[in-house]
Amino acid sequence: MKAFPAVKAVIAIMAVIAIIIVSAVVALAESDGVEDEVGLLAVNASAGMTPDSVLYGLDRAIERLELLLAKNRTRKGIEHALERHLEVRAMILAGKEEHALRALDAAEDMEGRLPNHIRASLWVRRDAVHEEYASAFGRSVADSRMLRQQGLLASSAKRNSTGGYGANAGRY
C-alpha cells in the first residue's frame, strides 16, 4: 500500500509538467500573435490539451490513470467527458476537422465508460456539439467518420501517406 502514494505523487508531477508546457505554448502563441481570437484562446485554455498537440496522447494516458485511481470514478469520468466536448469546440473554432473528430471519438469513448443514467445526461451536450460540428464543416459527424474510414478526409489521408499514427491511423 505504500506504493499508492508514490503513484499519486508521480501523477501529480506529470500533471504539473503538462500544465507548465501548455501554459508556455499558450503564452508563446499569444506573444507571437498566432492566435488572434480571444474566444479561441479561452476555449483552448479551458479544454486543456487538445488533439492537435503532440502531448495529447500523454494527457489522455494520465487521465486514464487518474480515472483508475479516483475515489469517485463517475465524477472523474464526467469531468473528462466534458473536457473532451471543450476540445471538440476548440478544434471546431480552429477549423481542424480531423482533430475535432478525434476529440469526439474520445468523448464518446469516455461516455461509454459511465453508468447509463449519467451517460444519458451528457447526450444533450453531445448532440449540441454534433450540431456545431455539422454547422462548421458542412457535414454530419457520421459522414465525416465514413470519409475518414475511406481515407477521403483531408488530414486523415495526409497522415496515412506519411505513416502518421501507424496501425491506428484510421482510428483517430
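Every value quoted in this text rests on a predicted model; they were computed, and no experiment measured them.

What follows is about the pattern of salt bridges. For the structure on display, the rule yields 15 salt bridges. For the salt bridge of Asp52 with Lys96, the shortest nitrogen-to-oxygen distance reads 2.5 Å. Taken as a pair, Asp52 in the loop between α2 (38–47) and α3 (56–69) and Lys96 in the loop between α4 (73–94) and α5 (97–112) lie far apart in primary sequence, 44 residues in all. The partner of Arg75 in a salt bridge is Glu79, with the nearest N and O atoms 3.9 Å apart. With Arg75 and Glu79 both in helix α4 and four residues apart, this pair spans about one turn of that helix. A residue is classified by how much of its surface remains accessible, and Glu79, at 39% relative accessible area, is partly exposed. One network of salt bridges, with partners in common, ties together Glu98, Asp105, Glu108, Arg145 and Arg148.

Attention now moves to the nonpolar core. Counting residues in hydrophobic clusters, the biggest one holds 14 residues, and the most contacted among them are Val88, Ile92, Ala100, Leu104 and Tyr133. The set of elements that each furnish at least two residues to this core consists of α4, α5, α6 (116–137) and α7 (141–149). Not counting residues up to four positions away in its chain, the partners in contact with Leu104 are Val88, Val129, His130, Tyr133, Val141 and Arg145. Within the second largest apolar cluster, six residues are counted, among which are Leu67, Ala81, Leu114 and Ile118.

Here we take up a nonpolar patch on the surface. A contiguous nonpolar patch, built from Val7, Leu65 and Leu68 and spanning about 230 Å² of accessible area, is present on the exposed surface. Checked against the element boundaries, Leu68 lands in helix α3.

Moving on, we get to the side chain of Glu111. Along the chain, Glu111 turns up in helix α5. The contact partners of Glu111, leaving out residues within four places of it in the chain, are Ala81, His85, Arg119, Leu122, Trp123 and Arg126.

Turning our eyes to something else, we now look at the packing of α4 against α5. Viewed as axis vectors pointing N to C, α4 and α5 meet at an angle of 165 degrees, and their least axial separation amounts to 8 Å. In terms of orientation, α4 lies roughly antiparallel with respect to α5. In terms of crossing hand, the pair formed by α4 and α5 is left-handed. For the pair α4 and α5, the contacting residues are Gly77, His80, Ala81, Arg84, His85, Glu87, Val88, Met91 and Ile92 in the first and His99, Ala100, Ala103, Leu104, Ala106, Ala107, Met110 and Glu111 in the second. Residues that form the contact of α4 with α5 fall into these classes: ten nonpolar, four polar and three charged.

Structurally, the α-helix is built with 3.6 residues per turn, so residues lying three or four positions apart point the same way. In this model, α3 (14 residues) spans 20 Å end to end at C-alpha, consistent with the 20 Å of a helix rising 1.5 Å per residue. Residues Tyr56, Asp59, Arg60, Ile62, Glu63 and Leu67 constitute the buried set of α3. Down the axis of α3, the smallest arc covering the buried residues is 160 degrees, so these residues share one side.

All right, on to the confidence of the model for the protein chain then. On average, the protein chain scores 74 in pLDDT, and the residues at 70 or more come to 69%. For the protein chain, per-element mean pLDDT is lowest for helix α8 (residues 154–162), which scores 43, and highest for α7, which scores 89. Confidence over residues 28–45 falls short of pLDDT 50; this stretch has 16 contacts with residues more than four positions distant or in other chains. Predicted confidence for residues 156–172 stays below pLDDT 50, and this span has 17 contacts to residues more than four positions away or in other chains.

Criteria and cut-off values
- Residues numbered from 1 in each chain as written.
- Predicted model: local features only at pLDDT ≥ 70, side-chain atom pairs only at ≥ 80, totals over all residues.
- Heavy atoms only, no water.
- Salt bridge = Lys/Arg side-chain N within 4 Å of Asp/Glu carboxyl O.
- Helix = DSSP H or I, 4+ residues; strand = E, 2+ residues; numbered from the N terminus.
- Buried < 20%, exposed > 50% of the residue type's maximum accessible area, 1.4 Å probe, protein only.
- Core = buried A, V, L, I, M, F, W, Y, C linked by side-chain atoms within 4.5 Å.
- Contact = heavy atoms within 4.5 Å.
- Patch = residues over 30% accessible without salt bridge, like charges linked within 9 Å, V, L, I, M, F, W, Y side chains within 5 Å.
- Areas by Shrake-Rupley, 256 points an atom, 1.4 Å probe, with all protein chains shown as cover.
- Axes fitted to C-alpha atoms, helices over the stretch in contact; angles between N-to-C directions.
- Parallel < 35°, antiparallel > 145°, perpendicular 65-115°, else oblique.
- Left-handed = near helix turned anticlockwise from the far one by under 90°.
- Nonpolar A, V, L, I, M, F, W, Y, C, P; charged D, E, K, R; others polar.
- Expected span 1.5 Å × (residues − 1).
- Arc of directions from axis to C-beta.
- pLDDT = per-residue confidence, 0-100.

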